[in-house]
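Letter by letter, the chains look like this.
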Amino acid sequence: MTDLADSIAAALEVGRRRLAGASDLDSFLEARQEVLGKRSAIAQLNTRLGGLDPDQRRDAGAAINGARRTLADEADALQEKWEARRREDRVAAERLDLTEITSGPAGPPLEWSGRGAGHLHLVTQTRDELEDTFVAMGFTVAEGPEAENDWYNFEALNMPPDHPARGMWDTLYLRLGQPGSVLLRTHTSPVQVRLMEAGRLPIYAVMPGRCYRRDTPDARHLAVFHQIEGLVVDKGITFGDMAGVIDAFTAAFFGEGMHARLRPSFFPFTEPSAEFEVTCPICAGAGCRTCSGSGWIELGGCGMVDPNVFASVGIDPEVYTGFAFGFGIDRLAQVRSALPDMRALLDNDVRFLSQF
Amino acid sequence: MKAPLSWLRDYAPLDASVDQLTTVLSELGLVVDGVEEVGGGLADVVVARVLDIRPHPDADRIRLVDVDPGDGGPLQIVCGAWNFNVGDLVPLAPIGAVLPGDFKIAKRKMRGEVSNGMLCAARELELPEPPDATDGLLILAPDLAPPGTPIADALGIEADVVFDLDITPNRPDALCMAGIARDLAAALGETWSWPATSVAAPDPALGAAPVTVSAGDLCPRFTATVMEGLPTGPSPEWMARRLTLAGMRPINAVVDASNYVMLDLGQPNHAYDLAQLGGGGILVRRGVQGETLVTLDDVARALGPDDCVICDADGTAVGVGGIMGGASAEIGPDTQRVLLECAWFDPTAIARTGNRLGLTSEARTRFERGVDPGLAERAATRFFDLLRAIPGGENLRRGPLVDERDPSLPAGPELTLRTARVNEVLGVDLSDSDVAGYLEPLGFAVAGDRVTVPTWRLEVAREIDLIEEVARMYGYRRIARTVPAGSGRRTGGLTTRQRERRRIRAVLGGAGLDEAWTTTFLAPGDLDRAGLDPAAVEVENPLDRSESLLRTSLMPGLLKALRFNLDRQLDDLALFEIGRVFRLPAPGSVLPEEEELLGVAVLPPAGASLRSSVRPSADAAVVSAVRSWQWLASALRLDSPALVAGEVAGLHRGRSARAFAGRVELGAVGEVDPDVVSAYELSGRVGWVSLSLDALAGVARRPRLVGDISRYPASDVDLAFVVDEAVPAADVVAAVRSAGGDLVEDVTLFDVYRGERVGAGVRSLALRARFRALDRTLTDTELADLRQGLIDAAAGVGATLRS
């Protein structure tokens, strides 16, 4: 037994010396294999357990294992050191003065590449086109935060807490502040509220941006998506103006001969409210699969700004009237490009990206 | 909401084609999701009597059936159903019949035996399954009709049309046939009227059930009627059929009548087995903390003081008011007497309780949106009438209606409606009488500018709500489209920042990079793998754990996108993205700090790519990142753009720099840390740029003033300096440039040499300085002086002229 204990101590000592003798990561790994591998001196000690009675065998086995674990722990620490050293060496060996590149001729970023010009994402291209169309109609483009508090996303939009209409949006909440108080905006309408609160009237603006809903993605819906809304607040604005602007936009964006039609609907922040449909851009109204034969595509919602919304931002609804509208940018891109599954927008497959 | 046209016609003629009705419904805002024509395809199907059943000589699973199709028969049919006996009446589709789904019946031989038609199951005729049906044929009532009678006549089935309507939350009145018909009739200019009601007087002998309401704010109206002499068994075919078409399963006469009343009038109601109600009456109270109730769906629900609880007179809970009944007082086959509840609950309280319990029901949907508070009595009478008209219900008696009302029960408000305001908001030109003409058919009472709202339209509470009603009835289609006149001059346009964002995209796109769009969400561990601080804003209720954090960097998303492409054997990748990142809120704020970033990730191919014979150099990834930065700095006219070597989280420590414009830090440029590259299971090296668009918005740009351009020849001076590796090339260039003063046009590093000839720890930088004066050709003497000046200046940053 003492004999075995001595052997363990010796193996430990030899092992330590062997590990300490390494000069770099490779030689260390080699040493580690020798000292802790299946054929190491310590592993060999196990063969001597056979001749012992069960009690002794248990104690001796534990002693061998303990020594092995000690050595392994020490090896881990050393290995970490050697790996860090190797990283340091690599950093040093690969150190580059990036200003040597900036001080030289400004060549093209991808000088090896045979790909030609790059491509802008279908969604941002669509967004650009939409912005341009509205800018040409005299609108500005407004933006705002994607994480919002309840006031901007719901309450100022005529949806007090417990309002059943909140159920129309499946909301993602953030673990910040009071539970349920900070959320990812479900629409870009909070930007409308901020714009009206700022109080510079009249307002003719569109607000594009990223929105979030707790919706399982499918071929037609994404949980992270893009929307564009519009807001007009001025004296003497009528429902007829809203219908006219939407119709003009439809013709400007989709082309002459394309129209919009409205039908009554409900949104808590507008009244009267409407859904708007546009001539199906695939079949130009003749009826096809995309529009289920109707000749019309449902695009978005709109309505006259509800007096309660004006009240919450301090605009006198007897002096000013206005309208708002909104629709999905991704959805529009999907319809126009006949994209079978919207989830492809998020893959960033270069074969997809380079088609646009 | 499914509305069979035949049912709607109980209220008005609705004399228009199905297409017209569909259009009118949509234009009223009752969106038609689908139109289904039903009950067709039964024209040739007749009642037949089974005369004999014989085994098929050559098959085990089918039998030969002789039937009487009306001419006495026997007509042989081969049939695979086993649920009928000799003497039963069954539906027969004879040869030539066309069943629903355009299924033609032809004479055919089955294992050598002729089949002269088909005996049908309910499903094959699109008829409702009887409640106790076994698998197989539809077995008709024993004395339904003589053989040969068309099945449609025998069952009283008419061809029907079912509109599947999407009712918006502001139209609770349209969650029933009466309400839908009211809108349609008004739009079509037809008269709408209630169906006749019974004159059977309450029977005082039945007595009034005791009702106490101690939670009048939650339940402002509770009515109870005791009824006795209920019909047992199934409801009649016509009622079962209507319920089926409306999407409900017939169960038995009493339950069906209850559902029918809700669908017909919009009044949710509940029939309790009176024998099961302790004290024979009802107590409506608030829930008690710790109280539970097992609802009809067999789930134990924890109730509290915000909830309205329906109890028996002894105080034992029997239902969650307005949402769902309890299992205990459910009516069963032995029920002799029922207590019928027709009540009105506070919509907000219903929504609150429903949300908390996560419990939805037809009743909840209606009550939380708003039921007509004046409907209870009519609904109770309708329930009574329906059951009394059913065979077995002739002796039904009812007691008096007990009607408990709280002062908070709403009535239809009186509103002011200014015709001028209608015209202002809509852009139309209506008269007072036009306006009245649109509102009155819907039940609004108009007197001058005062409008009284009917109890079934309580969500109409403001002038603007009335204006919407006028617009709906006038027709959105008819409102003339105009262009806003507006109050003043306005110009549209993009902001500087928006234009600059587009410029960035154009420059990078032009340089060959593809624009990506990655999700805002990260999985736990994504940041750690990218060598970044793992602190991030958490999503409280993510759809999936892999989407539970908001990104603090674009790097994880873009690295994943690279990986997605590599997995598909696509290499030669260069992606960029512009998007928001989110950091934990600053002290004193609850909203996250948002920043708009540009991210660039370039992964050159391992060798020459498919389309190019040029092999990327070993440092191609980092070079492409630096050049992308250079292109952007130039395109955005940044003043004094600079890269300053420094450690950046996630980047290779020897190949990373912070990017500045003057003193403002814009972001980082370099190569992704090789450990991060392998953690994202990528191979090769990844060039990286991250710039803040927020920071960019605040930095100075070179002025747009044009500089003078000399017409004299240039003189180039080439100099090679030996420079310590620790001194950035940019410092040497800057020193040389400033020494040249106004006369230096450009300084370029054209060669870098490292090796034995210069020694270790230093490299040789070969610079070309181009001199030119605005007003003269520089002389050799001047150039010699300038050259010496450059050498002296370079020495100032530790660069010695290479000999």
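Note that the coordinates shown come from a computational prediction; the quantities given were computed from them, not determined experimentally.

### Looking at the overall build of chain A
The secondary structure content of chain A amounts to 13 helices and 9 strands. Against the 2.2 N^0.38 benchmark of 21 Å for 356 residues, chain A shows a C-alpha radius of gyration of 34 Å, more extended than a compact globule. The principal-axis extents of the C-alpha atoms in chain A amount to approximately 105 × 60 × 45 Å. The burial tally for chain A puts 44% of its 356 residues in the buried class. Considering only contacts within chain A whose residues lie at least 6 apart along the sequence, 66% involve residues at least 24 apart.

### Observations concerning the overall build of chain B
A count of helical and extended segments in chain B gives 20 helices and 40 strands. Its C-alpha atoms give chain B a radius of gyration of 42 Å, more than 25% over the compact-globule value 28 Å for 803 residues. If one aligns the C-alpha atoms of chain B with their principal axes, the spans along those axes are about 130 × 80 × 60 Å. Counting contacts in chain B only where the partners sit at least 6 residues apart, residues at least 24 apart contribute 69% of the total.

### Observations regarding helix α6 (residues 253–265) of chain B
Residue and element names in this part refer to chain B. The terminal C-alpha atoms of α6 lie 18 Å apart, and with 13 residues this matches the ideal 18 Å at 1.5 Å per residue to within 8%. Counting buried positions along α6 gives 12 out of 13 residues, so the element sits mostly inside the fold. Each element contacted by the buried residues of α6 is listed here: α4 (177–188), α5 (237–245), β15 (269–273), β22 (337–344), α8 (362–369) and α9 (376–388). A positive phi of about 90° marks G266, the residue just after α6.

### Examining the packing of α5 of chain B against α6 of chain B
Residue and element names in this part refer to chain B. As a packed pair, α5 and α6 sit with axes 10 Å apart at the nearest point and diverge in direction by 55°. Here α5 is positioned oblique relative to α6, judged by the angle of their axes. Of the two possible hands of crossing, α5 and α6 adopt the one that is left-handed. Between α5 and α6, the contacting residues are M239, A240 and L243 on the first element and D256, N259 and Y260 on the second. Looking at the contact of α5 with α6 residue by residue, the class counts come to 4 nonpolar, 1 polar and 1 charged.

### Observations concerning unusual backbone geometry
Residues and elements named next belong to chain A. Omega for the bond connecting L201 with P202 falls within 30 degrees of zero, at 0°, which places this linkage in the cis form. Relative to the elements of secondary structure, P202 occurs in the loop between α8 (189–198) and β4 (203–212). Residue P272 follows E271 across a cis peptide bond; omega there is -5°. Tracing the sequence through the fold places P272 in strand β7 (residues 270–279). At A284, a residue that is not glycine, the phi angle is positive and equals roughly 55°. Tracing the backbone shows A284 in the loop between β7 and β8 (296–305). Judged by the 14 C-beta atoms lying within 10 Å of it, A284 is partly exposed. A positive phi angle is found at N348, which is not glycine, with a value near 60°.

### Quick notes on the packing of helix α2 (residues 18–27) of chain B against α4 of chain B
Residue and element names in this part refer to chain B. At a minimum axis separation of 10 Å, α2 and α4 run at an interaxial angle of 105°. When the axis of α2 is compared with that of α4, the two are roughly perpendicular. Here α2 contributes L21, V24 and L25 to the contact with α4, which in turn contributes L184, A187 and L188. Looking at the contact of α2 with α4, its residues break down into 6 nonpolar, no polar and no charged.

### Notes on the sheet that holds strand β13 (residues 211–213) of chain B
Pairing is mixed across the open sheet formed by 5 strands, whose spatial order is β13-β16-β19-β20-β21 (chain B). The strands lining the two open edges of the sheet, one partner per strand, are β13 and β21 (324–325) of chain B.

### Here we look at the pairing of β15 of chain B
Residues and elements named next belong to chain B. Most of β15 sits out of view: 4 of its 5 residues are buried. As judged from the 5 bridges shared by β15 and β22, these two strands associate in the antiparallel manner. Note that in β22 the partner of N269 across the bridge is C342.

### Quick notes on the interface of chain B and chain A
With 113 residues of chain B at the interface, the matching set in chain A holds 99 residues. Among the elements that line the side of chain B that touches chain A, the one with the most residues is helix α16 (residues 620–635) of chain B, at 9 residues. Among the residues making up the side of chain B that touches chain A, the classes are represented as 54 nonpolar, 31 polar and 28 charged.

### Re the sheet that holds β8 of chain A
Residues and elements named next belong to chain A. Ordered in space as β1-β4-β5-β9-β8-β7-β6, the 7 strands form an open sheet in which the pairing is mixed. Each end of this open sheet is capped by a strand with a single partner; those strands are β1 (140–141) and β6 (260–267). The pairing of β6 with β7 spans 7 bridges and is classified as antiparallel. Looking across to β7, one finds that A260 is bridged to V278.

### Thoughts on the environment of D135 of chain B
Examined against the element boundaries, D135 of chain B turns out to sit in the loop between β11 (117–119) and α3 (151–155). The spatial distance from the C-alpha of D135 of chain B to the C-alpha of A122 of chain B is 9.9 Å, given a sequence separation of 13 residues.

### A few points about helix α9 (residues 239–254) of chain A
Spacing of three or four residues puts side chains on the same side of an α-helix, whose turn is 3.6 residues. Residue and element names in this part refer to chain A. For α9, with 16 residues, the first-to-last C-alpha span of 22 Å sits near the 22 Å given by 1.5 Å per residue. Residues F239, D241, M242, A243, V245, I246, D247, F249, T250 and F254 constitute the buried set of α9. The first or second residue beyond α9 is G255, which carries a positive phi of 120°.

### Here we look at the pairing of strand β14 (residues 221–228) of chain B
Residue and element names in this part refer to chain B. Most of β14 is tucked away, with 7 of its 8 residues classed as buried. In terms of strand pairing, β14 meets β22 through 8 bridges, oriented antiparallel. In the sheet register, V226 faces β22, and the bridge partner there is L339. Relative to strand β24 (residues 402–405), β14 runs antiparallel, the two being bridged by 4 bridges. In the strand pairing of β24, F222 is matched with E404. Bridge count for β14 against strand β23 (residues 397–398) is 2 bridges, and the pairing is antiparallel. The partner of E228 across the bridge, within β23, is R397.

### Topic: the confidence of the model for chain B
Looking at chain B, pLDDT values average 92 and 99% of them are 70 or higher. Under the prediction, the complex receives an ipTM of 0.87, its pTM being 0.84.

### Observations concerning the environment of E131 of chain A
Note that E131 of chain A resides in helix α6 (residues 122–136). Given 20 C-beta atoms within a 10 Å radius, E131 of chain A is considered buried. Separated by 77 residues in sequence, E131 of chain A and P208 of chain A have C-alpha atoms that sit 8.0 Å apart. Those residues within four positions of E131 of chain A in sequence are excluded, and the remaining contacts are V141, V206 and P208 of chain A together with L494 of chain B.

Rules of the game
- Residues numbered from 1 in each chain as written.
- Chains lettered and ligands numbered in written order.
- Predicted model: local features only at pLDDT ≥ 70, side-chain atom pairs only at ≥ 80, totals over all residues.
- Helix = DSSP H or I, 4+ residues; strand = E, 2+ residues; numbered from the N terminus.
- Rg over C-alpha atoms; globule rule 2.2 N^0.38 Å.
- Buried ≥ 20, exposed ≤ 12 C-beta atoms within 10 Å, placed from the backbone.
- Contact = placed C-beta atoms within 7 Å.
- Expected span 1.5 Å × (residues − 1).
- Axes fitted to C-alpha atoms, helices over the stretch in contact; angles between N-to-C directions.
- Parallel < 35°, antiparallel > 145°, perpendicular 65-115°, else oblique.
- Left-handed = near helix turned anticlockwise from the far one by under 90°.
- Nonpolar A, V, L, I, M, F, W, Y, C, P; charged D, E, K, R; others polar.
- Pairing = 2+ DSSP bridges.
- pLDDT = per-residue confidence, 0-100.

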